[in-house]
Amino acid sequence: MARAAGIDLGTTNSVIAAWEGGEADVIPNAEGQRTTPSVVAFTDNGERLVGQLARRQAILNPKGTIYSVKRFIGRKFDEIREEAEQVTYDVVADDQGNARISVRGKLYAPEEISAMILRKLADDAGRHLGEKVNEAVVTVPAYFNDAQRTATRDAGKIAGLEVLRIINEPTAAALAYGLDKQQHETVLVFDLGGGTFDVSILDVGDGVVEVRATAGDTHLGGDDFDRRIVDYLAEEFQKENHIDLRKDPQALQRLYEAAEKAKIELSSVTQTQVNLPFVTADQNGPKHLTATLMRSTFEQITSDLIERTMEPVKRAMSDAKVSSDDIDEVILVGGSTRIPAVQSLVRRLTGGKDPNMTVNPDEVVAVGAGIQAGVLKGDVSDVLLLDVTPLSLGVETQGGVMTRIVERNTTIPARRAETFSTAADNQPAVDVVVLQGERERAADNRVLGRFQLTDIRPAPRGEPQVEVTLDLDANGILNVTARDKDTGKEQGITISESSNLEAGEVDRMVQEADRNRTADQELRREIDARNELDALAYQVQRRLDELGDAAPPHERSRAEMLVTDARQAVSDQAPVDRVRELTEELQGVLAGLQAVSAGGGQPAGASDERSESSASDDDVIDAEFDRS
Ligand code: ADP
Ligand code: MG
């Protein structure tokens, strides 16, 4: 017999849960622990250690101990350059620019290191259950892009697991709580782990979980709290003994372990003792570290870390357009949410609500994944899973602006289509540039991919109808297609090595967009005004061509002059006032020309019709290459 399991492959710790007798249970590892450090070590004597054993020798083997590899999975080296400098082991680029771990003369893909962790979890669980674990649902942060999700899936494959589904961590957490929920609820998931912080706002109800917004901080977690205690203890020790323990790897390793232990104890007691006998020695003999750490001291030295969780919570709420009154439930996820000060802050931020911790915060994600595994194996009645896009998706259109097709925080799976047209007469092809981001100007956003739709039948500008469809599947993988409605010809791409945006980058882009909103809107108005003028000039020209000799000479020459001026203004990017002035004049001229065809009707009546039929509200996909 074989089994399906749910796996929370965490930055710091990983957890596995299997579906058994109507519920998902966490399975302890070979060391008897319910969480396994996501650490792999390659030792001096060629041994490979995974989990607690690897973690225990980390500081003594800084180059050979691989931790936080989740920060590198599915990433290009260029994107994680800074992050790479913060770890003690070597992260390098391979020939394709992918991030690789270099250890003891060998290169490993982050997927391979992750696979070693997955393998241990699955093997240990299999031994415990007495049957092989060969299928899994694996969780990833909500902001993981396609490349990161695909790489996580590959890690599963390398570990010999069939990955049934990749699901988002907050979604899994909600699932662990949400199954029995009858009525509709808004849930805030507050996930403070070892090195990362994530907030999500979800809609839960009737067996459906929908992620409405996410925010976070990629460099905030329990490790920061440990470091504060280490610094505090080391400084106290130094005051007395004039020795900096942080300079001695052996002592530092012990200090970190003691700090984490003290921190964990302070979650349930108000004072704890730190004892490190023989921590170092000087000419007078061995030295021992003994200190009492009060919870109040711990709270003082970490208060700024706790404060830092506020901003992302507020941002997620504002993105989801909810206030603290709208939040029905708060779910705490991640070991660090056991810290009492974290819990009181969460209570404060959510209008006094008692956070929900009935499912263990270290285990809740794995439990949810285990439930999803049960769903997919048909053991649990179906639960729908919905997530959101962290950033808007769209295409570049005339004037170098981004036209959004899928707005940020749209629930996925999502499929949106919009129809565009050409920017020039007889344009044989359009360039589809797929963008991700919040800025109005295309160049300020990220290019996810580009392709061409060719063989468009010769037609005046604005006539061909090209339908662009963005299709985001349940795993967050994006398919873009462009279809010529006339010929039915279709072209498309799957964004595979796509966005590679981390939450920090997402946050940065969103904040940048917020800061630049007014300027961007101004820019957008200018470009729209120019596009409108351009379209109008084109219409007038066409009208003149249609009328031929029927156009009164005086009106013709005025119209031709204005068309020339308008085109000049567009290409010179003239000030918006000038553009509007010309637009008005051209509108008048066009009305006059239309009246000619109508057999001398009233210009006023025609002018209404004209604005209706203006081509300018149709977005056009720019194609620079055939503007001739
Ligand atoms: P991740 O999701 O980042 O892999 P976890 O959710 O397992 O990690 O969180 C790990 C962090 O939680 C570690 O920093 C650990 O010290 C901390 N932690 C675990 N239990 C407690 C506790 N009782 N009190 C405070 N911190 C805790
Ligand atoms: Mg986690």
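Residues numbered from 1 in each chain as written. Chains lettered and ligands numbered in written order. Predicted model: local features only at pLDDT ≥ 70, side-chain atom pairs only at ≥ 80, totals over all residues. Heavy atoms only, no water.

1. Some details on the overall build of the chain
Phase 1: Across its full length, the chain carries 16 helices and 29 strands.
Phase 2: Considering the chain as a whole, with its 628 residues, one finds that 56% of them fall into the buried category.
Phase 3: Taking as baseline every contact in the chain between residues at least 6 positions apart, the subset at least 24 positions apart corresponds to 67%.
Phase 4: Carbon and sulfur atoms make up 45% of the accessible area of the chain, which totals about 27000 Å². (Helix = DSSP H or I, 4+ residues; strand = E, 2+ residues; numbered from the N terminus. Buried < 20%, exposed > 50% of the residue type's maximum accessible area, 1.4 Å probe, protein only. Contact = heavy atoms within 4.5 Å. Areas by Shrake-Rupley, 256 points an atom, 1.4 Å probe, with all protein chains shown as cover.)

2. A short note on the site of ligand 1
Phase 1: Taken together, 17 residues are adjacent to ligand 1, and Thr12, Asn13, Glu260, Lys263 and Ser267 come closest.
Phase 2: With respect to ligand 1, the backbone of Thr11 contributes an N or O atom lying 3.3 Å from an oxygen atom.
Phase 3: At a separation of 3.0 Å, an oxygen atom of ligand 1 approaches a polar backbone atom of Gly335.
Phase 4: Computed on the free molecule, ligand 1 has an accessible area of 580 Å², of which 90% lies beneath the protein chains in the complex.
Phase 5: Elements supplying a minimum of two residues to the shell around ligand 1: helix H6 (222-241) and helix H7 (249-265).
Phase 6: Among the residues making up the shell around ligand 1, the classes are represented as two nonpolar, 11 polar and four charged. (Near = heavy atom within 4 Å. Polar contact = N/O pair within 3.5 Å; in protein donor to acceptor, adjacent residues only side chain to side chain. Nonpolar A, V, L, I, M, F, W, Y, C, P; charged D, E, K, R; others polar.)

3. With respect to the sheet that holds strand E9 (residues 99-103)
Phase 1: Read from one edge of the open sheet, three strands run E8-E9-E10, paired in antiparallel fashion. Each end of this open sheet is capped by a strand with a single partner; those strands are strand E8 (90-93) and strand E10 (106-108). For this sheet the average axis-to-axis angle between neighbouring strands, irrespective of direction, equals 40 degrees.
Phase 2: Two elements, E8 and E9, share four bridges in a ladder whose sense is antiparallel. Looking at the pairing, Asp90 lines up with Ser102 of E9.
Phase 3: Those strands touched by helix H2 (residues 77-85) are E8 and E9, and its axis lies near 160 degrees from that of E8.
Phase 4: Along the sheet, helix H3 (residues 110-129) makes contact with E9 and E10, crossing E10 at roughly 75 degrees. (Pairing = 2+ DSSP bridges. Axes fitted to C-alpha atoms, helices over the stretch in contact; angles between N-to-C directions.)

4. Quick look at unusual backbone geometry
Phase 1: At His242, a residue that is not glycine, the phi angle is positive and equals roughly 55 degrees.
Phase 2: Tracing the backbone shows His242 in the loop between H6 and H7.

5. A few points about the environment of Val430
Phase 1: With respect to the helices, strands and loops of the structure, Val430 is situated in strand E24 (residues 430-436).
Phase 2: Using a relative accessible area of 0% as the deciding quantity, one classes Val430 as buried.
Phase 3: In sequence terms Val430 and Val466 are 36 residues apart; their C-alpha atoms lie 8.7 Å from each other.

6. A closer look at the packing of H3 against helix H4 (residues 146-158)
Phase 1: Interaxial distance between H3 and H4 falls to 8 Å at its minimum, and their mutual angle equals 55 degrees. Judged by the inter-axis angle, H3 sits oblique to H4. For the crossing formed where H3 meets H4, the hand is right-handed. On H4, the residues touching Glu111, Glu112, Ser114, Ala115 and Leu118 of H3 are Ala151, Asp154, Ala155, Gly156 and Ile158. (Parallel < 35°, antiparallel > 145°, perpendicular 65-115°, else oblique. Left-handed = near helix turned anticlockwise from the far one by under 90°.)

7. Focus: the sheet that holds strand E5 (residues 40-42)
Phase 1: Overall, antiparallel pairing links the three strands, which are arranged E6-E5-E7 in an open sheet. Looking at strand neighbours, the two that pair on one side only are strand E6 (48-50) and strand E7 (65-66), the edges of this open sheet.
Phase 2: Pairing of E5 with E6 involves three bridges; the strand directions are antiparallel. When the bridges of E6 are listed, Phe42 appears paired with Arg48.
Phase 3: Lying on the sheet, H3 is in contact with E5, E6 and E7; it crosses E5 at an angle near 110 degrees.

8. With respect to the nonpolar core
Phase 1: With 48 residues, the main nonpolar core has Leu188, Phe190, Ile201, Leu255, Leu289 and Val313 as its most contacted residues.
Phase 2: Taken domain by domain, the makeup of this core includes at least three residues from each of domain 1 (2-220 + 308-386) and domain 2 (222-305).
Phase 3: If you look at the next biggest cluster of nonpolar residues, it comprises 44 residues, including Ile16, Val91, Leu118 and Val163. (Core = buried A, V, L, I, M, F, W, Y, C linked by side-chain atoms within 4.5 Å. Domains from an automatic or database assignment.)

9. Regarding the pattern of salt bridges
Phase 1: If you walk through the whole model with that rule in mind, you get 53 salt bridges.
Phase 2: The structure contains a network of salt bridges with shared partners spanning Asp231, Glu235, Asp244, Arg246 and Lys247. (Salt bridge = Lys/Arg side-chain N within 4 Å of Asp/Glu carboxyl O.)

Remember that the coordinates give geometry; whether it matters functionally is a separate question.
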